Amino acid sequence: MTTLTITNTTLCDKGHTPHKESISVVAHNFDDADYYTFCEVCENNIEMFSYYDDDCGVRYSKWSVSK
Ligand SMILES: [Zn+2]
């Protein structure tokens, strides 16, 4: 339903709430991994990734809806 999708997207415009119990991790190497779960609020599948930053060490992206 299009209307429902728009409402839920608005709910999560400051960031999604990951369902921590169902996070799955795909590690590429020591400091590079992808994280997958779903959002408790909008129930979309969401993902984030970690990457290495020379100044700050391992950084994490924001959760975003999986494509
Ligand atoms: Zn959400």
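Our subject is the structure that appears above.
Rules used throughout
Residues numbered from 1 in each chain as written. Predicted model: local features only at pLDDT ≥ 70, side-chain atom pairs only at ≥ 80, totals over all residues. Buried ≥ 20, exposed ≤ 12 C-beta atoms within 10 Å, placed from the backbone. Helix = DSSP H or I, 4+ residues; strand = E, 2+ residues; numbered from the N terminus. Pairing = 2+ DSSP bridges.

Peer 1: Explain the pairing of strand 1 (residues 24-29) residue by residue, including any values.
Peer 2: Across the six residues of strand 1, zero count as buried, placing the element largely on the outside. Note that strand 1 and strand 2 (residues 32-38) share five bridges and pair antiparallel. The residue bridging Val-25 from the neighbouring strand is Tyr-35, located in strand 2. Hairpin geometry of strand 1 and strand 2 is characterised by an intervening segment of two residues between the two adjacent antiparallel strands.

Peer 1: Mind laying out the pairing of strand 3 (residues 45-53), listing which residues take part and the relevant values?
Peer 2: Across a regular strand the side chains alternate sides, sitting on one face of the sheet and then on the other. Here six bridges tie strand 2 to strand 3, and the two strands are oriented antiparallel to one another. In the strand pairing of strand 3, Asp-34 is matched with Phe-49. In this antiparallel pair of consecutive strands, strand 2 and strand 3, the connection spans six residues, and Glu-43 shows a positive phi of 65°. With two bridges connecting them, strand 3 and strand 5 (residues 64-65) associate as antiparallel partners. By the bridge assignment for strand 5, Ile-46 is matched with Val-65. Note: strand 3 against strand 4 (residues 57-60), four bridges, orientation antiparallel. In the strand pairing of strand 4, Asp-53 is matched with Gly-57. The antiparallel hairpin formed by strand 3 and strand 4 contains three residues in its connecting segment.

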